[in-house]
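This is what each chain is made of:
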Amino acid sequence: MSLSPLIQQLINALRCLPGVGPKSAQRMAFHLLEREQDAALVLADVLQQAVAKLGRCNDCSTLSETDICPLCADQSRNQKLLCVVETPMDVLAIEQTGGFNGLYFVLGGHLSPLDGVGPDDIGISQLLERISLQVVEEMILATNPTVEGEATAHYIAEQLRDQPLILSRIAHGVPVGGELEYVDGGTLAHALAGRRVI
């Protein structure tokens, strides 16, 4: 069966979303067109506005409608504590815990030499510039616990080793509520290596 060119374009457009394959994109397209036309119009309008109006915060590089995002503009936050993350989604994840009251810096990815992603591609120079302009007492390297995330954290630590600040790394280990028998060996090894005195 040959689909209408517009339907095929919609299916192809939906496939850009993470985890959406051809069948999922097809189901979404037909659902929007057959059952949720009003919602589809709202989605299209909001998406168009978001793409047009969202940019990067001048201080932390997260997505923002203003030059300085609300988190960076909040003077009640600890201005001397900086958490370095890979993406704006990581900022959201940490903020949802309610356990961090410092500022952020969003790299925009991680180092990946095999993919041609180097320090200049992920904002490390902007991070170093921010450190030179702002008094930071502690920097938390909260890159993902992947090979690339670890390499990125190590690279940043090397660039800042002569700076008078505390560099820390997020802990890795057993999830809350997890059972040891179900935890993979790498995670368990990290948990043992990162143990703390109680």
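Residues numbered from 1 in each chain as written. Predicted model: local features only at pLDDT ≥ 70, side-chain atom pairs only at ≥ 80, totals over all residues. Heavy atoms only, no water.

1. Re the nonpolar core
For step 1, the next point in the chain: Formed by 17 residues in total, the largest nonpolar core has its most connected members in L82, V84, L107, L127, I131, M139 and I156.
For step 2, the next point in the chain: Among the secondary structure elements, those contributing two or more residues to this core are β3 (81–85), β4 (103–106), α6 (124–133), β5 (138–141) and α7 (147–159).
For step 3, the next point in the chain: When residues of this core are assigned to their parent elements, the largest contribution, three residues, is made by α6.
For step 4, the next point in the chain: In terms of nonpolar packing, the next biggest core, distinct from the first, is built from nine residues, C83, F100, Y104 and I140 among them. (Core = buried A, V, L, I, M, F, W, Y, C linked by side-chain atoms within 4.5 Å. Buried < 20%, exposed > 50% of the residue type's maximum accessible area, 1.4 Å probe, protein only. Helix = DSSP H or I, 4+ residues; strand = E, 2+ residues; numbered from the N terminus.)

2. Details of the pairing of β5
For step 1, the next point in the chain: Where β3 and β5 come together, four bridges link them in parallel fashion. Bridge pairing links L81 to E138 in β5.
For step 2, the next point in the chain: Examined bridge by bridge, β5 and strand β6 (residues 166–169) share four bridges and lie parallel to one another. Within β6, the position partnered with E138 by the bridge is I166.
For step 3, the next point in the chain: The parallel pair β5 and β6, bridged by α7, forms a crossover whose chirality is right-handed. (Pairing = 2+ DSSP bridges. Right-handed = clockwise from strand over helix to strand, strands pointing away.)

3. Let's talk about the sheet that holds β5
For step 1, the next point in the chain: Strand order across the open sheet formed by four strands is β4-β3-β5-β6, with parallel pairing between neighbours. Strand pairing shows two members of the sheet lacking a second neighbour, β4 and β6, which therefore form its edges. Across the sheet, the axes of successive neighbouring strands diverge by a mean angle of 25°, strand direction being ignored.
For step 2, the next point in the chain: Bridge count between β3 and β4: four bridges; the pairing is parallel. In the sheet register, L82 faces β4, and the bridge partner there is L103.
For step 3, the next point in the chain: Along the sheet face, helix α5 (residues 88–97) touches β3 and β4 and points at about 155° away from the line of β4.
For step 4, the next point in the chain: Along the sheet, α6 makes contact with β3, β4 and β5, crossing β4 at roughly 150°. (Axes fitted to C-alpha atoms, helices over the stretch in contact; angles between N-to-C directions. Contact = heavy atoms within 4.5 Å.)

Everything listed here is a matter of coordinates, which is why it stays silent on function.
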